[in-house]
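This is what each chain is made of:
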Amino acid sequence: MITRPVALLTLAIGIVGANSMVLAPITAAVARDLGGAPAEIVQAAAAFGLATALSALLLAPRGDAIGPDRALRQALVILLASLLASVLAPSKWALIGAQALGGIGAGMALPAIYSLAPQLAPKGEEKRTMGIVLSGWTLALVGGVAGSGFLAEWAGWRSVYMVLGGAMALIYLLILRMDLRVERLAQRPTSPVTALRVPGIWRGLFAAGALMLGFYGTYAFVGAHVADRIGLGAAGAAYVTLFYGTGFGLSTFLDKYLDRLPQNRAGALAFSGLALVYLAQAIWGADLAMLMGIALAWGIVQHLGLNFVVSRLAELDPAQRGAVLGLNSAVTYLAVTGGALLFRLPYEAGGLMACNLASAVCVALAAIECLLPDRRTGTA
(Lines give C-alpha, C1' and ligand atoms only; values in the text may rest on other atoms or scores of the structure.)
Protein backbone atom coordinates (compact mmCIF):
# COMPACT_ATOMS: atom_id res chain seq x y z
CA MET A 1 0.00 0.00 0.00
CA ILE A 2 1.37 3.40 -1.04
CA THR A 3 0.73 5.91 1.74
CA ARG A 4 1.07 9.67 1.31
CA PRO A 5 4.44 9.81 3.13
CA VAL A 6 5.79 6.98 0.96
CA ALA A 7 4.58 8.72 -2.22
CA LEU A 8 6.26 11.93 -1.05
CA LEU A 9 9.56 10.14 -0.39
CA THR A 10 9.35 8.54 -3.84
CA LEU A 11 8.92 11.96 -5.45
CA ALA A 12 11.79 13.32 -3.35
CA ILE A 13 14.08 10.56 -4.63
CA GLY A 14 12.98 11.42 -8.17
CA ILE A 15 13.87 15.11 -7.82
CA VAL A 16 17.12 14.57 -5.90
CA GLY A 17 18.13 11.84 -8.36
CA ALA A 18 17.26 13.93 -11.39
CA ASN A 19 19.40 16.76 -10.04
CA SER A 20 22.37 14.37 -9.99
CA MET A 21 21.84 13.28 -13.62
CA VAL A 22 20.67 16.26 -15.67
CA LEU A 23 24.05 17.81 -16.37
CA ALA A 24 25.19 15.02 -18.70
CA PRO A 25 22.55 15.58 -21.42
CA ILE A 26 22.93 19.40 -21.34
CA THR A 27 26.74 19.63 -21.11
CA ALA A 28 27.15 20.93 -24.67
CA ALA A 29 24.51 23.64 -24.16
CA VAL A 30 26.14 24.74 -20.89
CA ALA A 31 29.56 24.88 -22.55
CA ARG A 32 28.24 27.08 -25.37
CA ASP A 33 26.76 29.53 -22.86
CA LEU A 34 29.47 29.65 -20.19
CA GLY A 35 32.48 29.04 -22.42
CA GLY A 36 34.96 26.22 -22.38
CA ALA A 37 34.87 22.70 -23.74
CA PRO A 38 32.15 20.23 -22.72
CA ALA A 39 34.85 18.16 -20.97
CA GLU A 40 35.51 21.13 -18.68
CA ILE A 41 31.82 21.39 -17.78
CA VAL A 42 31.90 17.73 -16.79
CA GLN A 43 34.04 18.87 -13.85
CA ALA A 44 30.80 20.14 -12.29
CA ALA A 45 29.38 16.61 -12.35
CA ALA A 46 32.60 15.32 -10.81
CA ALA A 47 32.34 17.98 -8.08
CA PHE A 48 28.75 16.92 -7.40
CA GLY A 49 29.70 13.25 -7.10
CA LEU A 50 32.72 13.85 -4.87
CA ALA A 51 30.78 16.22 -2.60
CA THR A 52 27.92 13.71 -2.38
CA ALA A 53 30.29 10.93 -1.32
CA LEU A 54 31.98 13.09 1.33
CA SER A 55 28.66 14.44 2.62
CA ALA A 56 27.15 10.96 2.85
CA LEU A 57 30.21 9.80 4.74
CA LEU A 58 30.54 12.71 7.17
CA LEU A 59 27.13 14.40 7.45
CA ALA A 60 24.59 11.58 6.99
CA PRO A 61 25.23 10.24 10.53
CA ARG A 62 23.66 13.48 11.86
CA GLY A 63 20.33 11.99 10.86
CA ASP A 64 20.66 9.42 13.63
CA ALA A 65 20.96 12.20 16.23
CA ILE A 66 18.47 14.80 14.96
CA GLY A 67 16.10 12.41 13.17
CA PRO A 68 16.02 11.61 9.44
CA ASP A 69 12.95 13.83 8.92
CA ARG A 70 14.80 16.90 10.16
CA ALA A 71 17.95 15.91 8.25
CA LEU A 72 15.89 15.65 5.06
CA ARG A 73 14.42 19.13 5.52
CA GLN A 74 17.87 20.60 6.03
CA ALA A 75 19.20 18.77 2.98
CA LEU A 76 16.40 20.11 0.79
CA VAL A 77 17.23 23.69 1.82
CA ILE A 78 20.83 23.13 0.72
CA LEU A 79 19.65 21.61 -2.56
CA LEU A 80 17.35 24.58 -3.19
CA ALA A 81 20.26 26.96 -2.66
CA SER A 82 22.37 24.88 -5.05
CA LEU A 83 19.70 24.95 -7.77
CA LEU A 84 19.25 28.72 -7.44
CA ALA A 85 23.02 29.17 -7.69
CA SER A 86 23.09 26.93 -10.77
CA VAL A 87 20.37 28.98 -12.49
CA LEU A 88 22.31 32.20 -11.83
CA ALA A 89 25.82 30.81 -12.44
CA PRO A 90 27.80 33.36 -14.53
CA SER A 91 30.77 31.07 -15.20
CA LYS A 92 31.79 27.44 -15.24
CA TRP A 93 33.55 27.82 -11.89
CA ALA A 94 30.39 29.22 -10.33
CA LEU A 95 28.46 26.25 -11.71
CA ILE A 96 31.08 23.85 -10.33
CA GLY A 97 30.72 25.47 -6.90
CA ALA A 98 26.92 25.31 -7.11
CA GLN A 99 27.03 21.63 -8.01
CA ALA A 100 29.43 20.88 -5.17
CA LEU A 101 26.92 22.51 -2.81
CA GLY A 102 24.19 20.34 -4.33
CA GLY A 103 26.33 17.27 -3.67
CA ILE A 104 26.45 18.17 0.02
CA GLY A 105 22.65 18.30 0.08
CA ALA A 106 22.25 15.06 -1.87
CA GLY A 107 24.66 13.23 0.43
CA MET A 108 22.43 14.15 3.35
CA ALA A 109 19.08 13.67 1.59
CA LEU A 110 19.48 10.16 0.13
CA PRO A 111 20.43 8.38 3.40
CA ALA A 112 17.67 10.31 5.21
CA ILE A 113 15.07 9.13 2.68
CA TYR A 114 16.33 5.54 2.84
CA SER A 115 16.19 5.71 6.64
CA LEU A 116 12.63 7.04 6.66
CA ALA A 117 11.24 4.50 4.19
CA PRO A 118 11.25 1.38 6.44
CA GLN A 119 10.20 3.38 9.51
CA LEU A 120 7.17 4.87 7.74
CA ALA A 121 6.21 1.58 6.11
CA PRO A 122 3.19 -0.43 7.25
CA LYS A 123 4.29 -3.29 9.50
CA GLY A 124 5.57 -6.20 7.44
CA GLU A 125 5.85 -4.06 4.28
CA GLU A 126 9.31 -2.57 4.92
CA LYS A 127 11.11 -4.12 1.93
CA ARG A 128 8.24 -3.54 -0.45
CA THR A 129 8.02 0.08 0.69
CA MET A 130 11.75 0.51 0.12
CA GLY A 131 11.22 -0.82 -3.39
CA ILE A 132 8.48 1.73 -4.04
CA VAL A 133 10.67 4.58 -2.80
CA LEU A 134 13.58 3.37 -4.94
CA SER A 135 11.31 3.52 -7.99
CA GLY A 136 11.71 7.28 -7.70
CA TRP A 137 14.94 6.75 -9.64
CA THR A 138 12.72 5.90 -12.61
CA LEU A 139 11.35 9.44 -12.45
CA ALA A 140 14.93 10.70 -12.30
CA LEU A 141 15.97 8.69 -15.35
CA VAL A 142 12.93 9.33 -17.53
CA GLY A 143 12.16 12.88 -16.45
CA GLY A 144 15.67 13.98 -15.62
CA VAL A 145 17.82 12.44 -18.33
CA ALA A 146 15.32 12.27 -21.18
CA GLY A 147 13.39 15.44 -20.33
CA SER A 148 16.32 17.76 -19.62
CA GLY A 149 17.78 17.49 -23.11
CA PHE A 150 14.50 18.49 -24.72
CA LEU A 151 13.88 21.30 -22.24
CA ALA A 152 17.40 22.67 -22.73
CA GLU A 153 16.91 22.79 -26.50
CA TRP A 154 13.53 24.49 -26.14
CA ALA A 155 14.15 26.98 -23.31
CA GLY A 156 17.87 26.91 -22.52
CA TRP A 157 19.87 24.92 -20.00
CA ARG A 158 19.07 27.25 -17.10
CA SER A 159 15.38 26.34 -17.46
CA VAL A 160 16.28 22.76 -16.45
CA TYR A 161 17.52 23.94 -13.07
CA MET A 162 14.58 26.34 -12.75
CA VAL A 163 12.11 23.46 -13.18
CA LEU A 164 14.05 21.29 -10.75
CA GLY A 165 14.14 24.15 -8.26
CA GLY A 166 10.37 24.61 -8.49
CA ALA A 167 9.79 20.89 -7.99
CA MET A 168 12.23 20.83 -5.06
CA ALA A 169 10.47 23.79 -3.44
CA LEU A 170 7.12 22.02 -3.80
CA ILE A 171 8.50 18.86 -2.19
CA TYR A 172 9.93 20.93 0.65
CA LEU A 173 6.58 22.65 1.30
CA LEU A 174 4.75 19.32 1.27
CA ILE A 175 7.25 17.85 3.73
CA LEU A 176 6.74 20.81 6.05
CA ARG A 177 2.98 20.15 6.01
CA MET A 178 3.29 16.41 6.58
CA ASP A 179 4.32 14.69 9.81
CA LEU A 180 7.32 12.51 8.94
CA ARG A 181 8.59 12.22 12.50
CA VAL A 182 9.82 8.77 13.45
CA GLU A 183 11.34 7.29 16.59
CA ARG A 184 14.96 8.27 17.15
CA LEU A 185 16.73 5.01 17.91
CA ALA A 186 20.29 6.28 18.40
CA GLN A 187 21.43 6.18 22.03
CA ARG A 188 24.88 7.65 21.29
CA PRO A 189 26.54 9.70 18.53
CA THR A 190 27.19 7.78 15.33
CA SER A 191 29.89 8.19 12.71
CA PRO A 192 31.46 6.30 9.81
CA VAL A 193 33.80 4.69 12.36
CA THR A 194 30.97 3.35 14.53
CA ALA A 195 29.04 2.24 11.44
CA LEU A 196 32.02 0.27 10.15
CA ARG A 197 31.94 -1.76 13.38
CA VAL A 198 28.38 -2.97 12.77
CA PRO A 199 28.36 -6.75 12.19
CA GLY A 200 27.74 -7.50 8.53
CA ILE A 201 28.59 -4.01 7.27
CA TRP A 202 31.64 -4.98 5.24
CA ARG A 203 29.82 -7.70 3.35
CA GLY A 204 26.89 -5.36 2.78
CA LEU A 205 29.15 -2.61 1.43
CA PHE A 206 30.97 -5.12 -0.77
CA ALA A 207 27.65 -6.10 -2.36
CA ALA A 208 26.71 -2.43 -2.78
CA GLY A 209 30.05 -1.59 -4.38
CA ALA A 210 29.95 -4.58 -6.74
CA LEU A 211 26.39 -3.77 -7.81
CA MET A 212 27.03 -0.08 -8.50
CA LEU A 213 30.49 -0.49 -10.03
CA GLY A 214 29.07 -3.07 -12.41
CA PHE A 215 26.19 -0.75 -13.30
CA TYR A 216 28.11 2.48 -13.81
CA GLY A 217 31.00 0.71 -15.55
CA THR A 218 28.65 -0.34 -18.35
CA TYR A 219 26.16 2.55 -18.21
CA ALA A 220 28.92 5.17 -18.55
CA PHE A 221 29.80 3.83 -22.01
CA VAL A 222 26.37 2.99 -23.43
CA GLY A 223 26.12 6.38 -25.16
CA ALA A 224 29.59 6.01 -26.68
CA HIS A 225 28.71 2.47 -27.81
CA VAL A 226 25.51 3.60 -29.50
CA ALA A 227 27.46 6.28 -31.36
CA ASP A 228 30.62 4.28 -32.18
CA ARG A 229 29.19 0.81 -32.89
CA ILE A 230 25.57 1.41 -33.89
CA GLY A 231 26.09 4.80 -35.56
CA LEU A 232 23.34 6.75 -33.81
CA GLY A 233 23.46 9.92 -31.74
CA ALA A 234 22.05 10.94 -28.38
CA ALA A 235 18.52 9.91 -29.39
CA GLY A 236 19.55 6.26 -29.64
CA ALA A 237 21.16 6.32 -26.21
CA ALA A 238 18.05 8.05 -24.82
CA TYR A 239 15.90 5.14 -26.00
CA VAL A 240 18.15 2.70 -24.14
CA THR A 241 17.87 4.83 -21.00
CA LEU A 242 14.09 5.04 -21.41
CA PHE A 243 13.74 1.26 -21.61
CA TYR A 244 16.06 0.81 -18.63
CA GLY A 245 14.02 3.29 -16.58
CA THR A 246 10.79 1.59 -17.57
CA GLY A 247 12.10 -1.78 -16.42
CA PHE A 248 13.34 -0.25 -13.18
CA GLY A 249 9.85 1.06 -12.45
CA LEU A 250 8.05 -2.14 -13.46
CA SER A 251 10.23 -4.13 -11.09
CA THR A 252 8.33 -2.61 -8.17
CA PHE A 253 5.58 -5.17 -8.82
CA LEU A 254 8.07 -8.04 -8.33
CA ASP A 255 9.41 -6.92 -4.95
CA LYS A 256 6.63 -8.66 -3.02
CA TYR A 257 7.57 -12.02 -4.57
CA LEU A 258 11.26 -11.72 -3.67
CA ASP A 259 10.27 -10.70 -0.15
CA ARG A 260 8.99 -14.26 0.34
CA LEU A 261 12.51 -15.66 -0.20
CA PRO A 262 15.30 -15.66 2.39
CA GLN A 263 17.14 -12.37 2.06
CA ASN A 264 20.49 -13.65 0.78
CA ARG A 265 18.80 -16.06 -1.64
CA ALA A 266 16.86 -13.13 -3.09
CA GLY A 267 20.11 -11.20 -3.44
CA ALA A 268 21.86 -14.12 -5.15
CA LEU A 269 18.93 -14.42 -7.57
CA ALA A 270 19.05 -10.69 -8.42
CA PHE A 271 22.83 -10.65 -8.91
CA SER A 272 22.76 -13.83 -11.00
CA GLY A 273 20.07 -12.26 -13.17
CA LEU A 274 22.26 -9.18 -13.62
CA ALA A 275 25.21 -11.34 -14.67
CA LEU A 276 23.01 -12.93 -17.37
CA VAL A 277 21.87 -9.48 -18.52
CA TYR A 278 25.45 -8.27 -18.92
CA LEU A 279 26.35 -11.42 -20.83
CA ALA A 280 23.32 -10.88 -23.08
CA GLN A 281 24.47 -7.32 -23.75
CA ALA A 282 27.93 -8.62 -24.65
CA ILE A 283 26.42 -11.03 -27.19
CA TRP A 284 23.57 -9.00 -28.72
CA GLY A 285 24.38 -5.40 -27.78
CA ALA A 286 25.42 -4.41 -31.31
CA ASP A 287 21.76 -4.32 -32.38
CA LEU A 288 19.77 -1.33 -31.05
CA ALA A 289 16.45 -3.20 -30.85
CA MET A 290 18.06 -6.02 -28.88
CA LEU A 291 19.94 -3.53 -26.70
CA MET A 292 16.67 -1.77 -25.80
CA GLY A 293 14.99 -5.07 -24.93
CA ILE A 294 17.95 -6.11 -22.79
CA ALA A 295 17.88 -2.66 -21.13
CA LEU A 296 14.30 -3.34 -20.03
CA ALA A 297 15.44 -6.55 -18.30
CA TRP A 298 18.49 -4.68 -16.97
CA GLY A 299 16.26 -2.15 -15.23
CA ILE A 300 14.13 -4.89 -13.68
CA VAL A 301 16.97 -6.87 -12.11
CA GLN A 302 19.00 -3.76 -11.19
CA HIS A 303 16.03 -2.55 -9.13
CA LEU A 304 15.80 -5.93 -7.41
CA GLY A 305 19.51 -5.84 -6.62
CA LEU A 306 19.37 -2.28 -5.33
CA ASN A 307 16.36 -3.05 -3.13
CA PHE A 308 18.23 -6.03 -1.66
CA VAL A 309 21.37 -3.96 -0.97
CA VAL A 310 19.63 -0.98 0.64
CA SER A 311 17.15 -3.06 2.66
CA ARG A 312 19.93 -5.32 3.89
CA LEU A 313 22.04 -2.38 5.07
CA ALA A 314 19.04 -0.62 6.62
CA GLU A 315 18.31 -3.66 8.79
CA LEU A 316 21.84 -4.12 10.17
CA ASP A 317 21.57 -1.59 13.02
CA PRO A 318 18.46 0.65 13.15
CA ALA A 319 20.15 2.89 15.73
CA GLN A 320 22.91 3.70 13.21
CA ARG A 321 20.81 3.60 10.06
CA GLY A 322 21.83 7.09 8.94
CA ALA A 323 25.54 6.36 9.30
CA VAL A 324 25.23 2.94 7.62
CA LEU A 325 23.21 4.27 4.68
CA GLY A 326 25.59 7.19 4.44
CA LEU A 327 28.37 4.68 3.81
CA ASN A 328 26.18 3.11 1.12
CA SER A 329 25.70 6.45 -0.64
CA ALA A 330 29.42 7.18 -0.38
CA VAL A 331 30.21 3.82 -1.99
CA THR A 332 27.61 4.49 -4.70
CA TYR A 333 29.04 7.84 -5.73
CA LEU A 334 32.59 6.55 -5.60
CA ALA A 335 31.38 3.84 -8.00
CA VAL A 336 30.12 6.57 -10.36
CA THR A 337 33.66 7.89 -10.68
CA GLY A 338 35.28 4.46 -10.48
CA GLY A 339 33.05 3.05 -13.21
CA ALA A 340 34.03 5.78 -15.67
CA LEU A 341 37.76 5.57 -14.80
CA LEU A 342 38.28 1.83 -14.32
CA PHE A 343 36.17 0.71 -17.29
CA ARG A 344 37.71 3.15 -19.78
CA LEU A 345 40.56 0.76 -20.60
CA PRO A 346 38.24 -2.23 -21.21
CA TYR A 347 36.04 -0.07 -23.44
CA GLU A 348 38.98 1.17 -25.49
CA ALA A 349 40.33 -2.39 -25.79
CA GLY A 350 37.12 -4.28 -26.52
CA GLY A 351 34.17 -1.91 -26.69
CA LEU A 352 31.00 -2.32 -24.64
CA MET A 353 31.41 -6.10 -24.73
CA ALA A 354 34.52 -5.83 -22.54
CA CYS A 355 32.66 -3.55 -20.13
CA ASN A 356 29.77 -6.03 -20.03
CA LEU A 357 32.11 -8.89 -19.15
CA ALA A 358 33.78 -6.85 -16.40
CA SER A 359 30.35 -5.91 -15.00
CA ALA A 360 29.28 -9.55 -15.11
CA VAL A 361 32.32 -10.47 -13.00
CA CYS A 362 31.43 -7.75 -10.45
CA VAL A 363 27.87 -8.97 -9.90
CA ALA A 364 28.89 -12.65 -10.03
CA LEU A 365 31.21 -11.98 -7.09
CA ALA A 366 28.28 -10.31 -5.29
CA ALA A 367 26.11 -13.37 -5.97
CA ILE A 368 28.81 -15.63 -4.49
CA GLU A 369 29.02 -13.38 -1.41
CA CYS A 370 25.27 -13.81 -0.88
CA LEU A 371 25.65 -17.59 -0.82
CA LEU A 372 28.50 -17.65 1.69
CA PRO A 373 27.56 -18.57 5.28
CA ASP A 374 26.68 -15.64 7.54
CA ARG A 375 28.67 -15.86 10.76
CA ARG A 376 26.03 -13.81 12.59
CA THR A 377 23.29 -16.34 11.93
CA GLY A 378 25.15 -19.45 10.83
CA THR A 379 23.09 -19.59 7.62
CA ALA A 380 23.74 -18.88 3.97
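Our structure is the block above this text.
Let me sum up the structure you'll find in this document. Going along each chain's sequence as written, the residues are numbered from 1 onward. Per-residue local features of the predicted model are confined to residues with pLDDT of at least 70, and side-chain atom pairs are confined, for both listing and counting, to 80 or more; whole-chain, interface and lining totals are unaffected and use all residues. Only hydrogens and water are set aside when side-chain values are computed; all heavy atoms of the structure are taken into account.

**Quick word on the overall build of the chain**
Okay, so step 1: In this description a helix means any DSSP run of H or I spanning at least four residues, a strand means any run of E spanning at least two, and both kinds are numbered starting from the N terminus. Across its full length, the chain carries 18 helices and zero strands.
Okay, so step 2: By its C-alpha atoms, the chain is 55 × 45 × 35 Å across when sized along the principal axes.
Okay, so step 3: Using a 1.4 Å probe on the protein chains alone, a residue whose accessible area is under 20% of its type maximum counts as buried, one over 50% counts as exposed, and one in between counts as partly exposed. Considering the chain as a whole, with its 380 residues, one finds that 54% of them fall into the buried category.
Okay, so step 4: Restricting the contact set of the chain to residue pairs at least 6 apart, pairs at least 24 apart contribute 84%.
Okay, so step 5: Areas reported as accessible are Shrake-Rupley estimates using a 1.4 Å probe. Residue values count occlusion only from the protein chains shown. Per element, the accessible surface of the chain, about 16,100 Å² overall, is 68% carbon and sulfur.
Okay, so step 6: The chain carries 25 positive and 18 negative side-chain charges, and their two centres are separated by 5 Å. Contact criterion: two residues are considered in contact whenever any of their non-hydrogen atoms come within 4.5 Å of each other. Charge convention: Lys and Arg are scored as positive, Asp and Glu as negative, and His as well as the terminal groups of each chain are ignored. For the purpose of locating charges, the reference atoms are NZ of Lys, CZ of Arg, CG of Asp and CD of Glu.

**Observations concerning the packing of helix α12 (residues 222-230) against helix α16 (residues 288-316)**
Okay, so step 1: Contact pair α12 / α16: the axes reach a minimum separation of 12 Å and the direction vectors enclose 165 degrees. As judged from the angle between their axes, α12 and α16 are roughly antiparallel. Crossing geometry of α12 relative to α16 is assigned as right-handed. The residues of α16 that touch α12, namely those facing V222, H225, V226 and I230, are L288, L291 and W298.
Okay, so step 2: As a working rule, the residues Ala, Val, Leu, Ile, Met, Phe, Trp, Tyr, Cys and Pro are called nonpolar, Asp, Glu, Lys and Arg charged, and the rest polar, with Gly in that last group. In terms of residue class, the contact of α12 with α16 is made up of six nonpolar, one polar and no charged. Comment: axis = line fitted to C-alpha atoms, over the contacting stretch for helices; angle = value between 0 and 180 degrees taken between N-to-C directions. Small angles under 35 degrees read as roughly parallel and large ones over 145 as roughly antiparallel, with 65 to 115 read as roughly perpendicular and the rest as oblique. Note on convention: near helix rotated counterclockwise from far helix by under a right angle means a left-handed crossing. Clockwise means right-handed.

**Focus on the packing of helix α11 (residues 201-219) against helix α17 (residues 321-342)**
Okay, so step 1: The interhelical angle for the contact between α11 and α17, taken along N-to-C directions, is 35 degrees, at an axis separation of 8 Å. For the crossing formed where α11 meets α17, the hand is right-handed. Contacts from I201, L205, A208, G209, M212, L213, Y216 and G217 of α11 reach α17 at V324, L327, N328, V331, T332, A335, V336, G338, G339 and L342.
Okay, so step 2: Residues belonging to the contact of α11 with α17 are distributed by class as follows: twelve nonpolar, six polar and no charged.

**Observations regarding a nonpolar patch on the surface**
Okay, so step 1: For patch building, the residue pool is restricted to those with more than 30% relative accessible area and no salt bridge; the joining distance is 9 Å between like charges and 5 Å between nonpolar side chains (Val, Leu, Ile, Met, Phe, Trp, Tyr). For this analysis, a salt bridge means a side-chain nitrogen from Lys or Arg found within 4 Å of a carboxyl oxygen belonging to Asp or Glu. Taken together, the side chains of L50, L54, L58, L59, L101 and I104 make up a nonpolar region of the molecular surface, amounting to roughly 500 Å² of accessible area.
Okay, so step 2: Of all the secondary-structure elements, those providing two or more residues to the nonpolar patch are α3 (38-58) and α6 (92-120).
Okay, so step 3: Here the nonpolar patch gets three residues from one element, more than from any other, and that element is α3.
Okay, so step 4: Looking at where L58 falls in the secondary structure, it is placed in helix α3.
Okay, so step 5: For L58, a relative accessible area of 57% corresponds to the exposed category.

**A short note on the pattern of salt bridges**
Okay, so step 1: Across all of its chains, the model carries five salt bridges by this definition.
Okay, so step 2: Across the pair D69 and R73 runs a salt bridge, and its minimum N-O distance is 3.9 Å. One end of the pair is D69 and the other is R73, both in helix α5 (residues 68-88) and four residues apart, which spans about a single turn.
Okay, so step 3: For D69, a relative accessible area of 6% puts it in the buried group.
Okay, so step 4: Between R344 and E348 there is a salt bridge; the shortest N-O distance is 2.9 Å. Within this pair, R344 and its partner E348 are both found in helix α18 (residues 344-371), separated by four residues, close to a single helical turn. Accessibility classification places R344 together with E348 in one group, the exposed group.
Okay, so step 5: Connected through salt bridges with shared partners, the residues R203, R312 and E369 form a single ionic network.

**Overview of helix α2 (residues 23-34)**
Each α-helix winds once per 3.6 residues, and so residues spaced three or four apart point in a common direction.
Okay, so step 1: An ideal rise of 1.5 Å per residue puts 16 Å on twelve residues; α2 reaches only 14 Å between its terminal C-alpha atoms.
Okay, so step 2: The set of residues buried in α2 consists of L23, I26, T27, A29, V30, A31 and L34.
Okay, so step 3: G35, located one to two residues past α2, shows a positive phi value of around 90 degrees. Under the convention used throughout, the expected extent of a helix is 1.5 Å for every residue step, that is, one less than its residue count.

**Details of the environment of Q74**
Okay, so step 1: Inspection of the secondary structure puts Q74 in helix α5.
Okay, so step 2: Classification of Q74 by relative accessible area gives partly exposed; the value is 27%.
Okay, so step 3: Along the primary structure Q74 and Y172 are separated by 98 residues, whereas in three dimensions their C-alpha atoms are 9.6 Å apart.

**With respect to helix α9 (residues 157-177)**
Okay, so step 1: With 21 residues, α9 extends 31 Å between its outermost C-alpha atoms, agreeing within 8% with the 30 Å of an ideal straight helix rising 1.5 Å per residue.
Okay, so step 2: Residues W157, S159, V160, Y161, L164, G165, M168, I171 and I175 constitute the buried set of α9.
Okay, so step 3: In this structure, the buried side of α9 is in contact with α1 (4-21), α2, α5, α6 and α8 (136-155).

**Topic: the nonpolar core**
Okay, so step 1: With 110 residues, the main nonpolar core has L72, L95, Y114, W137, W157, Y161 and F271 as its most contacted residues.
Okay, so step 2: No other element matches the 14 residues that α16 contributes to this core.
Okay, so step 3: Ignoring sequence-local partners within four residues, the contact set of F271 consists of A207, L211, F308, V309, V363, A366, A367 and C370.
Okay, so step 4: For our purposes a nonpolar core is just a set of buried Ala, Val, Leu, Ile, Met, Phe, Trp, Tyr and Cys residues, chained together by side-chain atoms within 4.5 Å. Ranked by size, the runner-up nonpolar core spans six residues in total, among them F343, Y347, L352 and C362.

**Overview of the packing of aromatic side chains**
Okay, so step 1: Geometry of aromatic contacts follows a simple scheme: Phe, Tyr and Trp rings, the Trp one being its six-membered ring, pair when their centres are within 6.5 Å, and the pair is stacked under 30 degrees between planes, edge-to-face over 60, tilted otherwise. On inspection of all chains with the given rule, the structure shows 13 aromatic pairs.
Okay, so step 2: Between Y244 and F248, the aromatic rings sit 6.0 Å apart at their centres with planes inclined by 40 degrees, giving tilted as the arrangement. Here the residue Y244 and the residue F248 both occupy positions in helix α13 (residues 234-250), the gap between them amounting to four residues, near one helical turn.
Okay, so step 3: Given the relative accessible area of 4%, Y244 is considered buried.
Okay, so step 4: A relative accessible area of 3% places F248 in the buried class.

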